Amino acid sequence: MGTFLSLSDLAVNGKKVLMRVDFNVPLTDEGSIADDTRIRASLPSIRYLLDNGASVILMSHLGRPRGKRVDKLSLAPCARHLELLLQRPVTFASNCVGDAVEVLAAQLPSQGLLLLENVRFHGAEEHPEQDPQFACKLARLGDCYVNDAFATAHRAHASTALIAQYFPGNAAAGLLMEKEIHFLGTLLHAPSRPFCALIGGAKISTKIGVLNTLLDKVDKLLIGGGPWHIP
Ligand code: 3PG
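Because the structure is predicted, anything quoted here is derived from the model rather than measured.

## Here's the deal with the sheet that holds strand E6 (residues 144–147)
Hydrogen bonds along the backbone pair up the strands of a sheet, which may run parallel or antiparallel.
For step 1, the next point in the chain: Spatial ordering of the open sheet is given by E1-E7-E6-E2-E3-E5-E4, a layout of 7 strands whose pairing is parallel. The sheet terminates laterally at strand E1 (5–6) and strand E4 (91–92), the two strands that pair on one side only.
For step 2, the next point in the chain: With respect to the sheet, helix H2 (residues 43–51) is in contact with strand E2 (16–20), strand E3 (55–59) and strand E5 (113–115), its orientation differing from that of E2 by roughly 175°.

Shown next, in the form of structure tokens:
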């Protein structure tokens, strides 16, 4: 499918696979996970990699800490939640780059799981020009790269875009990414009629472009979900 590699194109047995996921989950005021849909959505790729003999290093953002450490936006609760979902240990690294993380990654056993701390605690994640080495430091952790962060695919950030250049022939789309691209392609290029689109979620500013594109293609457009205010 498409012009990208799939998980099945990668030889992952015995390899360390660095996978970008989107664990940008809603949190309660007390800091617990209010909805784990995005974590669950990454499970098929994680299970595929583990079942095929890889060790998996996960990286994600959470919220918009703007390049600073913000404790309430730590991914530590996601590591604990992932342990519950998978019923296997998940090591949590308190940073996403640096010597300590490199040691953890190097020592990760076969079929082990490591979740890195929020990549957006570093300004270079969203603004790679601030530190062109940041993507390279992340890349050092794995033998292969997988992007399964569909919900972040519209961002050209260090861990979603730049990093792929360090894995020529060894970078692939995850199962979630592939599934979403497949459905989007079908919807946008050969929809069956009548074609009704339902758009939900928050952050309307990031969805205006999608709405404009869909308006020309759909018979009906329904919007709902988070705080939508159309003047
Ligand atoms: C989202 O929730 O829309 C994605 O995780 C991207 O988050 P962002 O809008 O903060 O880049």
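## Observations concerning the nonpolar core
Nonpolar side chains in soluble globular proteins generally cluster together in the buried interior.
For step 1, the next point in the chain: By size, the foremost hydrophobic cluster in this structure holds 31 residues, and its most contacted members are Phe23, Ile46, Leu49, Leu58, Leu82, Leu113 and Leu115.
For step 2, the next point in the chain: Only E2, H2, E3, helix H3 (76–86), E5 and E6 provide two or more residues apiece to this core.
For step 3, the next point in the chain: Per-element accounting of this core gives the leading share, 5 residues, to H3.
For step 4, the next point in the chain: Sequence-distant contacts of Ile46, that is, excluding residues within four places in its chain, are made with Met19, Leu58, Leu82, Leu86 and Leu113.
For step 5, the next point in the chain: Formed by 22 residues, the second largest nonpolar core is a distinct cluster that contains Leu108, Leu116, Ala124 and Ala139.

## Concerning the site of the ligand
For step 1, the next point in the chain: In the neighbourhood of the ligand, the contacting residues comprise Asp22, Asn24, Arg38, His61, Arg64, Arg120, Ala151, Thr152, Arg155 and Lys203.
For step 2, the next point in the chain: Contacts to the ligand include Arg38, whose side-chain N or O atom sits 2.9 Å from an oxygen atom.
For step 3, the next point in the chain: When its residues are assigned to classes, the shell around the ligand shows 1 nonpolar, 3 polar and 6 charged.

## Details of the packing of aromatic side chains
For step 1, the next point in the chain: With the rule as written, the count across this model stands at 1 aromatic pair.
For step 2, the next point in the chain: A ring pair is formed by Tyr145 and Phe167, whose centres lie 5.9 Å apart and whose planes are at 25°; its orientation type is stacked. Here Tyr145 is found in strand E6, whereas its partner Phe167 is found in the loop between E6 and strand E7 (171–173), with 22 residues between them in sequence.

## Brief notes about the side chain of Ser45
For step 1, the next point in the chain: For Ser45, the position within the fold is in helix H2.
For step 2, the next point in the chain: Among the residues examined, Ser45 registers a relative accessible area of 0% and is labelled buried.
For step 3, the next point in the chain: Reaching out from Ser45, the side chain makes a polar contact with the backbone nitrogen of Leu175 at a distance of 2.8 Å.
For step 4, the next point in the chain: In this structure Ser45 touches Leu7, Met19, Asp148, Gly174, Leu175 and Leu176, once residues within four positions along its chain are discounted.

## Examining the domain arrangement of the protein
For step 1, the next point in the chain: Looking at the protein, the domain boundaries give domain 1 (7–178) and domain 2 (191–231).
For step 2, the next point in the chain: Here domain 1 and domain 2 have C-alpha centroids that lie 29 Å from each other.

## Considerations on the pattern of salt bridges
For step 1, the next point in the chain: A complete count under the given rule lists 8 salt bridges for this structure.
For step 2, the next point in the chain: Measuring nitrogen to oxygen at the nearest pair gives 3.0 Å for the salt bridge that ties Asp71 to Arg69.
For step 3, the next point in the chain: Salt-bridge contacts for Arg140 lead to Glu102; the nearest nitrogen and oxygen are separated by 3.0 Å. Of this pair, Arg140 sits in the loop between helix H6 (133–139) and E6 while Glu102 sits in helix H4 (residues 99–107), placing them 38 residues apart in sequence.
For step 4, the next point in the chain: Here Glu102 falls in the partly exposed class, since its relative accessible area comes to 25%.
For step 5, the next point in the chain: In this structure, a network of salt bridges that share partners links the residues Arg69, Asp71 and Glu117.

## Considering the state of the cysteines
For step 1, the next point in the chain: Across all of its chains, the model carries 0 disulfides by this definition.
For step 2, the next point in the chain: Not part of a disulfide, Cys78 finds its nearest cysteine sulfur in Cys96, a span of 15 Å.
For step 3, the next point in the chain: Overall, Cys78 belongs to the buried group, its relative accessible area being 1%.

## Remarks on the packing of H2 against H3
For step 1, the next point in the chain: The interhelical angle for the contact between H2 and H3, taken along N-to-C directions, is 70°, at an axis separation of 12 Å. Here H3 runs roughly perpendicular to H2, going by the angle between their axes. Considering only the axes of H2 and H3, their crossing is right-handed. The residues of H3 that touch H2, namely those facing Leu43, Ile46 and Arg47, are Leu82, Leu85 and Leu86.

About the thresholds
Residues numbered from 1 in each chain as written. Predicted model: local features only at pLDDT ≥ 70, side-chain atom pairs only at ≥ 80, totals over all residues. Heavy atoms only, no water. Pairing = 2+ DSSP bridges. Helix = DSSP H or I, 4+ residues; strand = E, 2+ residues; numbered from the N terminus. Contact = heavy atoms within 4.5 Å. Axes fitted to C-alpha atoms, helices over the stretch in contact; angles between N-to-C directions. Core = buried A, V, L, I, M, F, W, Y, C linked by side-chain atoms within 4.5 Å. Buried < 20%, exposed > 50% of the residue type's maximum accessible area, 1.4 Å probe, protein only. Near = heavy atom within 4 Å. Polar contact = N/O pair within 3.5 Å; in protein donor to acceptor, adjacent residues only side chain to side chain. Nonpolar A, V, L, I, M, F, W, Y, C, P; charged D, E, K, R; others polar. Phe/Tyr/Trp six-rings, centres within 6.5 Å; stacked < 30°, edge-to-face > 60°. Domains from an automatic or database assignment. Salt bridge = Lys/Arg side-chain N within 4 Å of Asp/Glu carboxyl O. Disulfide = S-S within 2.5 Å. Parallel < 35°, antiparallel > 145°, perpendicular 65-115°, else oblique. Left-handed = near helix turned anticlockwise from the far one by under 90°.

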